[in-house]
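Close look at the chain arrangement
Next come the chains, spelled out residue by residue.
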Amino acid sequence: MSKYLNLAYKNLQRRKIRSFLTIGGVGVAVAVLVSLLGFNAGYRIALEKDVSGMGYQVLVTAKGCPYELATVALAGTGSLRYLTDDTVVKIKQDKEVSELTPMLMNPLIKEDGNGFYTFWGIDKDSYTKLRPMVKIASDKHKERILDPVTGQEVDKEIDGPMGRWFNAHEVKPDEIYLKNGRVVKGLIVGEGEYEKVSGQELDPVSGEYIETKKTFKSIKIMLPSRIYNKVEVESATGVLTLKDGSKIKGEITKVDENMFKIVNKDGQGVEQINTYYSDNVLKVEDELSLKDGGEVTGVILSEAQDIYNIGDVELAYPNTEEVTSDLIETDSQGNLKVMNNKPDEKSVIEVVIGWEAAQTGFLQVGQKMTLKVKEMAKEKVKQNLTDPVSGQEKEIEKEIEKSVFNAYTFKVVGILERGGSKDDGSYFIQLEDAQRIFRKYKMLTGIGIKLNDLAKLPMFTDRVYNRKELGETQVVSLAEVKGTILNLVQTAKILVMSVAFIAIIVALIGVMNTILMSVFERTKEIGIMKAIGASRKDIFKLIWLETIIICALGGIAGTFIAVFGGTYIEKLIRGVMSRAGYVPAGQIVHFTPQIIIGCFFGAIILGVLSGIWPALRAASMRPIEAIRGGE
Amino acid sequence: MLNIVIKSQGLKKIYRLPAGDLAALNGVDVEIKQGEFVAIMGPSGSGKTTLLDLLGCLDEITSGSLEIMGKEVSEARENKLVLIRRKNIGFIFQEFFLIPTLTALENVELPLLFDKLPENRSRAIELLERVGLAARINHLPKKLSGGEQQRVAIARALMTSPKILLADEPTGNLDSKNSKLIFNLLRELNKEENLTMVVVTHNMELGNLADRIIFLQDGKIIPKEESSLYH
Ligand SMILES: Nc1ncnc2c1ncn2[C@@H]1O[C@H](COP(=O)(O)OP(=O)(O)OP(=O)(O)O)[C@@H](O)[C@H]1O
Ligand SMILES: [Mg+2]
């Protein structure tokens, strides 16, 4: 056998470049296969690890496409949709809910434009209860502290917990005091001007009454997102309880899907009920009964936010409103009574960061960092234009969008233990802080839930969907998320596997071609071997062996390429996949010995298969024709 | 006692061509005894190579009978022929036909590989020494002269200790000096080992060194006097 090997090996050496290229071809095909199988194995493991690392089993989000939701659930990226944070209270009422935690995820684009910081606004207590695996690391580390003697910041070596969680603190909404005594609470996001008809005036020239207009200052305020509620009742009398305790009794009529009307029967004045910009919660009490004596099917109304006119409740997007200065109370100096509780330059937001965020950002406990949050703002600009008809210059006003940066100072108060998940690269701040600085007033991207009994998930899901007041919510179990992602990846995998399959077929044809060529080139030699005693079997064996050697060497080369290039392959797949959405945090290309051994033997099988035909051709050559005709 | 190692009767090889049948050999009767040194001569196209190929079991016979070492082979097909060839026959060609990737020694050893015989390096070296190439055993064919290559080929043919050595114009590619040397070597081997030798040659001088000459013309054996070569 070793003699055959020697002979085969020497033959391959004869055309070094050709053999090398063929081996390379097989190598690439095998490398692709090894990587794909490695990816196949690794992706599932990484995904499973991510899913089990979530801590909660169910996620409630705003309605969206399932894959997007999965992406948001696992990676915190994708196009975001929001829930209002009172959904938490409502979901908590469900008997099956054991624990839950509200979350607001917000990606913050890095200043250099490369990637983003993933910020999570969380409620520390419920979050750490549901996700005990997310905890403060403990190790030898340096902390930046204030030296009590010199008053200077110094780095101190400490062996122990790496800081702490952020302290819970109150984050006040902005407030606008209305003349009617109500307070509009929300998030002030801009200022503008507003023109309103203020009255009528007699025009001395024409002698007619004309409207006088007055410009008011307007303040844009973000109110909690309103949910589209569906009114199922045609008409009913009921009581609306406002958050501040006052009640409105009246007849409720459906105007359309998104609007209903309460006609105040008690004749209370406009002033009294005009809670134009109130964030009070309207609630239809249980005593609500239908006018016709029937029952109410599915009560809505609980999320109504604005009362435009007396008795009118409208539920609508978008959620920024402008309050004009004529509605706002003024103090003794004539200033508008508005409280803007925006964090100032000096206020510092406590942040707990993931292990990798600390490593890559060279951050340690006690250190401060400033981040700029980009916002789009509208600005009115005046422009001179020449009228094409009259040829006259005209001044027009145009609204343009420009980006505004708000700088915030964060102080790292804790560093998390490495968990091998997306948490490692995340930044955690108090939920209200996140809602404030990312301008997502009272909004959430999701609520993580742990059920008492996971088996009752379908019932829980049904109940959530049946509660109209929850609006457009979606319940996703992480098992589903996993399934969705695996499904998606499966489709991609089938595609990629077909590519690998084609690569293998091409390699097979390549090998066959190479060997056939070398067989034809050596026709005479084969004839000679037959003349000096080689049987068909001997020749077959020799040629077959050559093919198998090529493929075995290709197999070894391919495995080496895959294993040693594994980190690059990982990076490549990660890069491609992250473009499409979620990629698990753990290693996604994982080579098991089975894969490597399997692929190596696969390459040999490739050799066995592709060698048969050329070997048969060689073996069946008649000696005489091979010798005489091979010229 | 002189045994008959090759015996043919009415040996025919007919090539079926589009233009019609071509009888390369048209009824050849030969008897060659053990230890005989026979030369085959004849004009180009007379069927010398064809005859040698048939005697050497390299090709299938169209009709007639052929006994090699007392065994009838005329009915045998390729897979049978190879066994007879392996056991009894050594070949030498005009173009030497060494395997270019193998050294002289490896070329000589090659037949053992196919015969499933145990390795026998000492015999291979002995044979190379016998043909006067003791100093060249690890050379690749391209580093050897024509005469040397032919001697390697002779050593290779002898490796399996065949009873019969068939040589098709073994000196055809060599100059007269080397031709003479090779021919003498064959003659010596024939004498020393009692090896039956059938050699095709165009060279009458060399042919005359043989025990006898078989003249071929148009696929048939003709008497010496009738051969055009003789005149
Ligand atoms: N494979 C073949 N197919 C058809 N005809 C063939 C074949 N091989 C040989 N022949 C023909 O058979 C005849 C005998 O050929 P052969 O090679 O035996 O002659 P030769 O005596 O060896 O000639 P040379 O001295 O030129 O080598 C020739 O006419 C040749 O053309
Ligand atoms: Mg010839």
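Summary of the structure given here. (Residues numbered from 1 in each chain as written. Chains lettered and ligands numbered in written order. Predicted model: local features only at pLDDT ≥ 70, side-chain atom pairs only at ≥ 80, totals over all residues. Heavy atoms only, no water.)

**Describing the overall build of chain A**
A tally of regular secondary structure across chain A gives 15 helices and 25 strands. Pairs at least 24 apart in sequence give 74% of the contacts found in chain A among residues at least 6 apart. For chain A, the accessible surface area stands at approximately 31,700 Å², while carbon and sulfur atoms represent 55% of it. (Helix = DSSP H or I, 4+ residues; strand = E, 2+ residues; numbered from the N terminus. Contact = heavy atoms within 4.5 Å. Areas by Shrake-Rupley, 256 points an atom, 1.4 Å probe, with all protein chains shown as cover.)

**Comments concerning the site of ligand 1**
Residues and elements named next belong to chain B. Inspection of the region around ligand 1 gives 14 residues, with Ser44, Gly45, Lys48, Thr49 and Thr50 positioned closest. Gly45 has a polar backbone atom sitting 2.8 Å from an oxygen atom of ligand 1. At 3.4 Å from an oxygen atom of ligand 1 is found a side-chain nitrogen or oxygen belonging to His202. Protein burial of ligand 1: of its 640 Å² of free accessible surface, 63% is covered by the chains. (Near = heavy atom within 4 Å. Polar contact = N/O pair within 3.5 Å; in protein donor to acceptor, adjacent residues only side chain to side chain.)

**With respect to helix α6 (residues 176-193) of chain B**
Residues and elements named next belong to chain B. Taking 1.5 Å of rise per residue, the 18 residues of α6 would be expected to cover 26 Å, and the 25 Å separating its terminal C-alpha atoms lies within 8% of that figure. Among the residues making up α6, those that are buried are Asn178, Ser179, Ile182, Phe183, Leu185, Leu186, Arg187, Leu189 and Asn190. Once α6 ends, the next one or two residues include Asn194, with phi positive near 55°. (Expected span 1.5 Å × (residues − 1). Buried < 20%, exposed > 50% of the residue type's maximum accessible area, 1.4 Å probe, protein only.)

**Overview of the pairing of strand β1 (residues 58-62) of chain A**
Residues and elements named next belong to chain A. The buried count for β1 comes to five of five residues, which makes it a mostly enclosed element. Across three bridges, β1 lies against strand β24 (residues 446-451) in antiparallel orientation. Following the sheet pairing, Val58 is matched in β24 by Ile449. (Pairing = 2+ DSSP bridges.)

**Concerning the packing of aromatic side chains**
All names here are of chain A. This structure, assessed with the given rule, holds 15 aromatic pairs over all chains. Relative to Tyr427, the ring of Tyr117 lies with its centre 5.4 Å away and its plane at 90°, an arrangement referred to as edge-to-face. Of the two residues, Tyr117 sits in strand β4 (residues 116-122) while Tyr427 sits in strand β22 (residues 426-430), which places them 310 residues apart along the sequence. Accessibility expressed as a relative area gives 16% for Tyr117, which makes it buried. (Phe/Tyr/Trp six-rings, centres within 6.5 Å; stacked < 30°, edge-to-face > 60°.)

**Observations regarding the environment of Leu336 of chain A**
Residues and elements named next belong to chain A. Along the chain, the position of Leu336 falls in the loop between β17 (320-324) and β18 (338-339). When the C-alpha positions of Leu336 and Ile176 are compared, they lie 8.5 Å apart, and in sequence the two are 160 residues distant. Here Leu336 is in contact with Lys217, Ile219, Ser325, Ile328, Glu329 and Thr330, once residues within four sequence places are set aside.

**A closer look at the sheet that holds strand β4 (residues 63-68) of chain B**
Residues and elements named next belong to chain B. The antiparallel open sheet is built from four strands, whose spatial order is β2-β1-β4-β5. Taken across any chain shown, the strands that pair with only one partner, and hence form the sheet edges, are β2 (20-33) and β5 (71-72). Here strand β1 (residues 4-17) pairs with β4 via five bridges, running antiparallel. If you follow Ser8 over to β4, its bridge partner there is Leu66. On the sheet, helix α1 (residues 48-55) packs against β1, β2 and β4 and is oriented at approximately 120° with respect to β1. (Axes fitted to C-alpha atoms, helices over the stretch in contact; angles between N-to-C directions.)

**A word on the pattern of salt bridges**
Inspection of every chain in the model, using the stated rule, returns 28 salt bridges over all chains. Here Arg14 of chain A makes a salt bridge to Glu525 of chain A, at a shortest N to O gap of 2.8 Å. Pair noted here: Arg14 of chain A is in helix α1 (residues 2-14) and Glu525 of chain A is in helix α11 (residues 523-531), with a separation of 511 residues, a long-range link. Of the residues examined, Glu525 of chain A reaches a relative accessible area of 10% and is grouped as buried. One salt-bridge network, in which partners are shared between bridges, spans Arg622 and Glu625 of chain A together with Lys13 and Asp59 of chain B. (Salt bridge = Lys/Arg side-chain N within 4 Å of Asp/Glu carboxyl O.)

**Section: the side chain of Arg187 of chain B**
Residue and element names in this part refer to chain B. Looking at the secondary structure, you find Arg187 in helix α6. One polar contact links Arg187 to Asp211, side chain to side chain, over a distance of 2.7 Å. Arg187 has contacts with Phe37, Leu209, Ala210 and Asp211, leaving out every residue within four places of it along the chain.

**Here's the deal with the interface of chain B and chain A**
Of the residues lining the interface, 27 residues belong to chain B; the matching set on chain A comes to 24 residues. Each partner contributes to the roughly 2,500 Å² buried at the junction of chain B and chain A, and carbon and sulfur atoms together form 63% of this total. Linking chain B with chain A are four salt bridges. Across the contact surface, chain B and chain A share five residue pairs in polar contact (both at pLDDT 80 or more). Put simply, the parts of the chain that give the side of chain B that touches chain A at least two residues each are α1, α2 (78-88) and α3 (104-115) of chain B. Here the side of chain B that touches chain A takes seven residues from α3 of chain B, the largest share from any one element. (Buried area = accessible area lost by both parts, 1.4 Å probe.)

**With respect to the sheet that holds strand β7 (residues 164-168) of chain B**
Residue and element names in this part refer to chain B. Read from one edge to the other, the open sheet built from six strands follows the order β6-β7-β8-β3-β9-β10, with strand pairing classed as mixed. Edge strands, defined here as strands with exactly one partner in the open sheet, are β6 (89-92) and β10 (220-222). Strand-to-strand twist across the sheet, computed as the mean angle between neighbouring axes with direction ignored, equals 25°. Bridging between strand β9 (residues 212-217) and β10 involves three bridges; their strand directions are antiparallel.

**Here's the deal with the packing of α1 of chain A against α3 of chain B**
The geometry of α1 of chain A relative to α3 of chain B is characterised by a closest axis approach of 11 Å and an angle of 125° between their N-to-C directions. Considering the angle they form, α1 of chain A stands oblique to α3 of chain B. The two elements α1 of chain A and α3 of chain B meet at a crossing, and its hand is left-handed. Contacts from Lys3, Tyr4, Asn6, Leu7 and Lys10 of chain A in α1 of chain A reach Glu106, Glu109, Leu110, Leu113 and Phe114 of chain B in α3 of chain B. Residue composition of the contact of α1 of chain A with α3 of chain B, grouped by class: five nonpolar, one polar and four charged. (Parallel < 35°, antiparallel > 145°, perpendicular 65-115°, else oblique. Left-handed = near helix turned anticlockwise from the far one by under 90°. Nonpolar A, V, L, I, M, F, W, Y, C, P; charged D, E, K, R; others polar.)

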